[in-house]
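This is what each chain is made of:
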Amino acid sequence: MKKTVIGLTPAHNTDTKDLSMRPTYLKALTAAGALPLILPLSLSPEDCRQLARSLDGFVFTGGPDPHPFLFGEETHSCCGNVSDQRDSMELSLMKAVMETGKPILGICRGIQILNIGLGGTIYQDIPSQFSPAAGAFPLAHRQPYDYHVPSHTVSVTAGSLLSEICGCSPLRVNSMHHQAVRDLAPGLTACALASDGLIEGVEMPGYPWFLAVQWHPEYLWETDSGAAGLFRSFERACRTP
């Protein structure tokens, strides 16, 4: 049987100009039955349109902070490193892919850049900008131990795509981020929330398959059925007729 071919956006070392990819993404997609393909950053808009037509689905992976100018802000003192080249490529690719209706999965930085690209904003630094819900437990959004171990839970919205995949019970997720979705972009809905009120998952009702999460299911799929189901659902949606 022909495998689905999934394009992944790469990590970018701005000092050495090297591109890289964590093997956890590749292993998770391969286990789900897909053939992962790491994309270059030097893509023109026309290149992005050709890839959008040619490949079956796209994963916007984790990585450095999006540049604050993308959502109309100055750089916060706690903002981290950025990659203008990656920002530009991913925004161009997102536009091209959405014109085709191909499935999109966002992970960590992925949820943030997708929300920005569609007109939303993010917290540049959770500890200094985000006010947790009253009485909320102080969550470690940058967990102090291995990423294969979940560190907090998220509640899932009933009737959402995420709930169809993982169920509505609280999901145990890992956490390795200091930025997160702030103002939702038009057309997106929150489908997962941390107990402190932070948005941890978004989707786009009416789009064929669009789901982005703040955690890293590529580290959890071997032991967690919900994380494994997320990649299987994405792969099924990417299958061509």
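Everything below is about the structure shown above.
Residues numbered from 1 in each chain as written. Predicted model: local features only at pLDDT ≥ 70, side-chain atom pairs only at ≥ 80, totals over all residues. Heavy atoms only, no water.

## Focus on helix 4 (residues 109-117)
This is how it is decided: A simple rule labels every residue: compare its accessible area, found with a 1.4 Å probe on the protein chains alone, to the largest value its type can have, and call it buried under 20%, exposed over 50%, or partly exposed in between. Runs of E in the DSSP output that reach at least two residues are strands. Runs of H or I that reach at least four are helices, and both are numbered from the N terminus.
Of all 9 residues that make up helix 4, 8 are buried, and the element is covered over most of its length. The set of residues buried in helix 4 consists of Arg 109, Gly 110, Ile 111, Gln 112, Ile 113, Leu 114, Asn 115 and Ile 116.

## As for the pattern of salt bridges
This is how it is decided: For salt bridges, the criterion is a side-chain nitrogen of Lys or Arg within 4 Å of an Asp or Glu carboxyl oxygen.
Taken as a whole and judged by the stated rule, the model has 6 salt bridges. Here Arg 53 ties to Glu 46 by a salt bridge, and the two come within 3.5 Å at their closest N and O atoms. Residue classification places Arg 53 among the exposed residues on the basis of a relative accessible area of 51%. The salt bridge partner of Glu 90 is Arg 109, with a shortest N-O separation of 2.9 Å. Of this pair, Glu 90 sits in helix 3 (residues 84-100) while Arg 109 sits in helix 4, and the two are 19 residues apart along the sequence. Across the pair, exposure class does not vary: Glu 90 and Arg 109 are buried alike. Overlapping salt bridges, with partners in common, bring together Arg 86, Asp 87, Glu 90 and Arg 109 in one network.

## Side note on the packing of helix 2 (residues 45-54) against helix 3
Counted only if it meets this: Note on geometry: axes are lines fitted to C-alpha atoms, helical ones only across the stretch in contact, with angles between N-to-C directions running from 0 to 180 degrees. For this classification, under 35 degrees means roughly parallel, over 145 means roughly antiparallel, 65 to 115 means roughly perpendicular, and everything else is oblique. We call a crossing left-handed when the near helix sits turned anticlockwise from the far one by less than a right angle, and right-handed when that turn is clockwise. Whether two residues touch is decided by their heavy atoms; if any such pair falls within 4.5 Å, the residues are in contact. Throughout this entry, Asp, Glu, Lys and Arg are counted as charged residues, while Ala, Val, Leu, Ile, Met, Phe, Trp, Tyr, Cys and Pro are counted as nonpolar. The remaining residues, Gly among them, count as polar.
Two numbers describe how helix 2 lies on helix 3: the axes approach to 8 Å, and their chain directions differ by 40°. Between helix 2 and helix 3, the interaxial angle falls into the category oblique. For the element pair helix 2 and helix 3, the recorded crossing hand is right-handed. Along the contact surface, helix 2 presents Pro 45, Cys 48, Arg 49, Ala 52 and Arg 53, while helix 3 presents Met 89, Ser 92, Leu 93, Ala 96, Val 97, Glu 99 and Thr 100. Residue classes in the contact of helix 2 with helix 3 are distributed as 7 nonpolar, 2 polar and 3 charged.

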